[in-house]
Amino acid sequence: MEKLIITAAICGAEVTKEQNPAVPYTVEEIVREAKSAYDAGAAVVHIHVREDDGTPTQSKERFKECIDAILKEIPDVILIPSTGGAVGMTAEERLQPTELFPEMATLDCGTCNFGDEVFENTMPMMRAFGKRMIENNIKPEYECFEMGHLDTIVRMAKKGEVPGAPMQFNFVLGVPGCTPATVENLAWLVRNIPEGSTWTATGIGRSEFTLGAAAIVMGGHVRVGFEDNLYISKGVLAKSNGELVEKVVRIAKELGREIATPAEARRILGLPA
Ligand code: KMH
Ligand code: ZN
């Protein structure tokens, strides 16, 4: 089995300091959280950015400021900026970080419910996102929130509408209104990815570590972080993203899976060294 790539989704667009005071908003706070996750063992950091007051933004300038500041501290980390942004943003708004030519970025694989809201990813939007990533040589992390998202994006890759093999999927399970975070659902998704693909599991809320443990033994990779879950254990807020990553490292070590460095993660994901 390959070593385990841990991704930290440090910020997200929806969680707030009211829910957990360690949620980062400012550039300094985003750097602090990225570094805590990296120091604990995360090879990859998935980022959203905020205004200083916490308002989610997809501003290219704000992304550049945060990316530069993170890379100054931890130059070899793999950064995956979000093109999902926050519910309600336009495609053009969401695409801004792709203008910075990151090595990877998220590409969301279909419209879905998102709690009380609808997260819109129509076919024309996804074609535009795929075209941009092909043009700018960005490897997508394909975010699947629903079972049907996998078939949709694999068909698009076959038609050349989005980047193809080797594909990296992130199965985000347990968003209210979407596919539940069960091992059965994860196993179905993993069985249906094209050969040679890599995959990560993200369990939302209380399923963060249970789905992560399943991914560890199934040979996948794991994402944790404040974007997905604010608690280290039942009723106890996590002090940092690093604390969440440390817990995954402990589980992985107990199960005999070693942790990938950023260089090893680049090789596993098929990224240039
Ligand atoms: N904030 C969610 C609506 C992504 O980063 O690509 C979408 C999201 C997905 O977080
Ligand atoms: Zn995200």
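It should be noted that the structure appears before, not after, this text.
Residues numbered from 1 in each chain as written. Chains lettered and ligands numbered in written order. Predicted model: local features only at pLDDT ≥ 70, side-chain atom pairs only at ≥ 80, totals over all residues. Heavy atoms only, no water.

## With respect to the overall build of the protein
- Check the secondary structure of the protein and you find nine helices and 14 strands.
- Taking 19 Å as the expected radius of gyration for a compact globule of 273 residues, we find that the protein reaches 17 Å, a close match to that expectation.
- If one aligns the C-alpha atoms of the protein with their principal axes, the spans along those axes are about 45 × 40 × 40 Å.
- In the protein, buried positions account for 58% of the 273 residues.
- Long-range pairs, those at least 24 residues apart, make up 70% of the contacts in the protein between residues at least 6 apart in sequence.
- Of the roughly 11500 Å² of accessible surface on the protein, 53% is carried by carbon and sulfur atoms.
- For the protein, the distance from the average site of its 28 positive side-chain charges to the average site of its 39 negative ones is 4 Å. (Helix = DSSP H or I, 4+ residues; strand = E, 2+ residues; numbered from the N terminus. Rg over C-alpha atoms; globule rule 2.2 N^0.38 Å. Buried < 20%, exposed > 50% of the residue type's maximum accessible area, 1.4 Å probe, protein only. Contact = heavy atoms within 4.5 Å. Areas by Shrake-Rupley, 256 points an atom, 1.4 Å probe, with all protein chains shown as cover. Lys, Arg positive; Asp, Glu negative; His and termini not counted. Charge placed at Lys NZ, Arg CZ, Asp CG, Glu CD.)

## Side note on the sheet that holds strand E10 (residues 168-173)
- Across the sheet, which stays open at both edges, the eight strands sit in the order E5-E2-E1-E12-E11-E10-E9-E6 with parallel pairing between neighbours. Edge positions in the open sheet fall to strand E5 (78-81) and strand E6 (104-108), since each of these has one partner strand only. Here the average twist between neighbouring strands, direction ignored, is 25°.
- Bridge analysis of strand E2 (residues 44-47) against E5 gives four bridges, and the strand direction is parallel. Bridge assignment links Val45 to a residue of E5, and that residue is Leu79.
- The sheet contacts of helix H4 (residues 123-135) involve E6 and strand E9 (139-144), and relative to E6 the element is tilted by about 165°. (Pairing = 2+ DSSP bridges. Axes fitted to C-alpha atoms, helices over the stretch in contact; angles between N-to-C directions.)

## Focus on the nonpolar core
- Ile153, Phe169 and Phe171 are the most contacted members of the largest nonpolar core, which totals 69 residues.
- Broken down by element, this core gets its largest block of residues, six residues, from helix H1 (residues 27-40).
- Within the second largest apolar cluster, 11 residues are counted, among which are Ile5, Ile78, Ile80 and Ile268. (Core = buried A, V, L, I, M, F, W, Y, C linked by side-chain atoms within 4.5 Å.)

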